[in-house]
Every structure is written in C-alpha cells, then in structure tokens.
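A closer look at the structure
Below are the chains, spelled out letter by letter.
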Amino acid sequence: MRYEHREEDRHWVYRFSWLHLMRPPTWSGTISPVLAATALAAKKGAVRIEVLLAMLAASVLIQSAVNMLNDYFDRLRGQDDDKWTNGHGHGPAHRSIPAVAGAMLAVAVALGAYLAWQSDPAIAWIGAAAIICGIAYSAGPRPLASLGLGELTAAVCMGPVVTALAYAVQGHVPDTALFALSIPFALLIASMILTNNIRDIEKDRPFRRTLAIRLGRNNAVRLLGLLLVSAYLSIAALIVWHIVPLLAAVTGLAMPLAIRLRLCFRPGASRTEERSGMKWAARHHWAVGLLLTLSLWLSL
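Scope of this entry: the structure provided in the associated data block.

What counts, and at which threshold
- Residues numbered from 1 in each chain as written.
- Predicted model: local features only at pLDDT ≥ 70, side-chain atom pairs only at ≥ 80, totals over all residues.
- Heavy atoms only, no water.
- Helix = DSSP H or I, 4+ residues; strand = E, 2+ residues; numbered from the N terminus.
- Expected span 1.5 Å × (residues − 1).
- Contact = heavy atoms within 4.5 Å.
- Buried < 20%, exposed > 50% of the residue type's maximum accessible area, 1.4 Å probe, protein only.
- Polar contact = N/O pair within 3.5 Å; in protein donor to acceptor, adjacent residues only side chain to side chain.
- Core = buried A, V, L, I, M, F, W, Y, C linked by side-chain atoms within 4.5 Å.

1. As for helix 10 (residues 217–240)
Structural remark: α-helix, 3.6 residues per turn; residues separated by three or four positions point the same way. In a regular helix each residue adds 1.5 Å, so 24 residues correspond to 34 Å; helix 10 covers 35 Å between its end C-alpha atoms and thus fits that length. The inward-facing, buried residues of helix 10 abut helix 7 (176–199), helix 9 (211–215), helix 11 (255–263) and helix 12 (271–298). Just beyond helix 10, the residue with positive phi is His242, at close to 65 degrees.

So this is what it looks like as structure tokens:
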C-alpha cells in the first residue's frame, strides 16, 4: 500500500496525550513475561536488578513505540478519524510521532547493547529482529497486520522471544521449561490482538485483511474463546509439569474477566459492548500475567 502524504497530514493532532498514544493498558504484554522469566531465572541463581530494570525499560519502550507507529500509519491510511483533529488541540502532532518513536527505539537499542554486553552478544541480534517485526506490523506496503499475521507476530515476539531474552540477560541459556512458560503469555497477547481486530472488522475491511476478516466474525470469535481456554489449560499443564508452583492456580481468579471479554462478542451484543472488549482483554492479560508472575516469585 502506498502512502500519499497530503498537506493536511502535517496538521493532524492526536486528541489525547502522548501517554494515551503509548497505550499503557497493553504494557502487561511485555512486563508480565519479563518478570515471570526473571523469577524462573532466580531459581538458578541471583538476579541482577539493574539488568532486570534495563530489560523492562527496553521492552516497554519498544512496545510503546510500536503502538505509536501503529496509530501513525493508520492515520496515513485514512483510518481512525475520531482520534485526530485537524490543527486543534494540545495532543501529539501526527508529523512528530516518527521522530519520538525513533528516539524511544534508539534508547531501547542502547539498553539492548548494554544487556548484550552484560550477557551474550546474540541478544542484540534477537532484540533487533524483534524491533523490525514490531515496525513491520503496521509499516510498509504489506504490513504484517494486513496479511493476517498480527496475532502470530505478537504471540512470538511477546511470548517466546521476550521471555527468552529476559532469561538470557540473567546469564542462563533458555531451556524447555522457559519456552513452556512463554506459552500462556503468547496465547494471552494473541487474544488481545484478536479482540482488537474483531472489534475493528468493518473499519479495517477497506484497508487490510486481518485474521479476523479472513476468518469471518463468527469464526474469529470462536478462535478468541479457544485462545482464552488454552491459556488456562497451558497454565494447568505447567503446574502438572512442575514448571510453575501449585500456587499458580490462583490465575483462575481472572476467569470472570475472560468470560466478560467473551460476552462482549456474543450474538446480539451492542456495538458499545464490542468496543469495550479491548479494555477487558487488557485487564485480563494484566490479571493473569501478574497472578502467574506473583506465584512464581512467592514460590522462591
């Protein structure tokens, strides 16, 4: 897809704040797996707090920059008019987003270089690949999201990749247990992306072919339910395999949030309920992710 830069594009202003543009409700997608992987590393030795903080900062910066660029490119395609105003307001200017996002990614790269220097040079290459995938999610003539690969990209980058990096920077070689731990996080973030895409089926249809559009609404909703159920089943399997403690069963307390999320897309649900789905998906990720992480740290 070609982007035609028009004169009016220079005057678009985001209706909300820079922080809103970074989408903090989605940050659990990186914070939870990093903390969980670090807890698993703590079972094998001492954890370096400065390394953990650098990993958290780099991860959140990358995710925030990718979120910002996603809105930037969506505006260029003519989407989300309701989020922008032409020359009025005090929010971020559309033309300034690439520079700010680029600066955030530059800081993340510097932190990644520090982490690689402290542990393994391969971390730098893996981190760079994750950044490229994040940008390719919404940028370019054929964004990954338009190919129906948004959920898979997020699942890989914010599941196995981020957990492996968080584990490796603490001086440990990723193993089977670590990758097994990443599965529920991969399923949770995929459910969040799918929720967003189901909500936006009609809005996205003229611009891209997301997985929800390719499957059709009914099948996409069924897949969402399968992802949610699979996340809990994967945690149960981790308990059985003694990768996480029995205390991890406390994640079951988040099930009402999963049910509420699924009900947002039930037959006959109002458009307002569908639009609220993303909020419930984010709350669900935070609840499951932090409860699972807490169980790991308390088991130490």
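2. Topic: the environment of Pro174
Its place among the elements puts Pro174 in the loop between helix 6 (150–168) and helix 7. Judged by its relative accessible area of 31%, Pro174 falls in the partly exposed class. Remark: the alpha-carbon pair of Pro174 and Glu202, spanning 28 residues in sequence, is separated by 41 Å. When neighbours within four sequence positions are excluded, Pro174 is seen to be in contact with Ala164, Tyr167, Ala168 and Phe179.

3. A closer look at the side chain of Thr85
Of note, Thr85 is situated in strand 2 (residues 84–86). Excluding anything up to four places from it in sequence, Thr85 contacts His11, Trp12, Val13 and Arg15.

4. A closer look at the environment of Thr38
Examined against the element boundaries, Thr38 turns out to sit in helix 2 (residues 28–42). Put simply, Thr38 and Ile198 are 160 residues apart on the chain and 33 Å apart in space, counted from C-alpha to C-alpha. When sequence neighbours within four positions are dropped, the list of residues in contact with Thr38 reads Val47, Leu52, Ala166, Gln170 and Trp297. A distance of 2.7 Å separates a polar side-chain atom of Thr38 from the backbone oxygen of Val34.

5. Examining the environment of Leu165
Position of Leu165 among the secondary structure elements: in helix 6. When near neighbours in sequence (up to four residues on either side) are disregarded, Leu165 contacts Met55, Ile123, Ile126 and Gly127.

6. Points about the nonpolar core
Core analysis: the biggest nonpolar cluster contains 88 residues, and Met55, Leu181, Ile198 and Val244 have the highest contact counts within it. Broken down by element, this core gets its largest block of residues, 13 residues, from helix 7. When near neighbours in sequence (up to four residues on either side) are disregarded, Val244 contacts Leu181, Ile235, Leu238, Ile239, Leu292 and Leu296.

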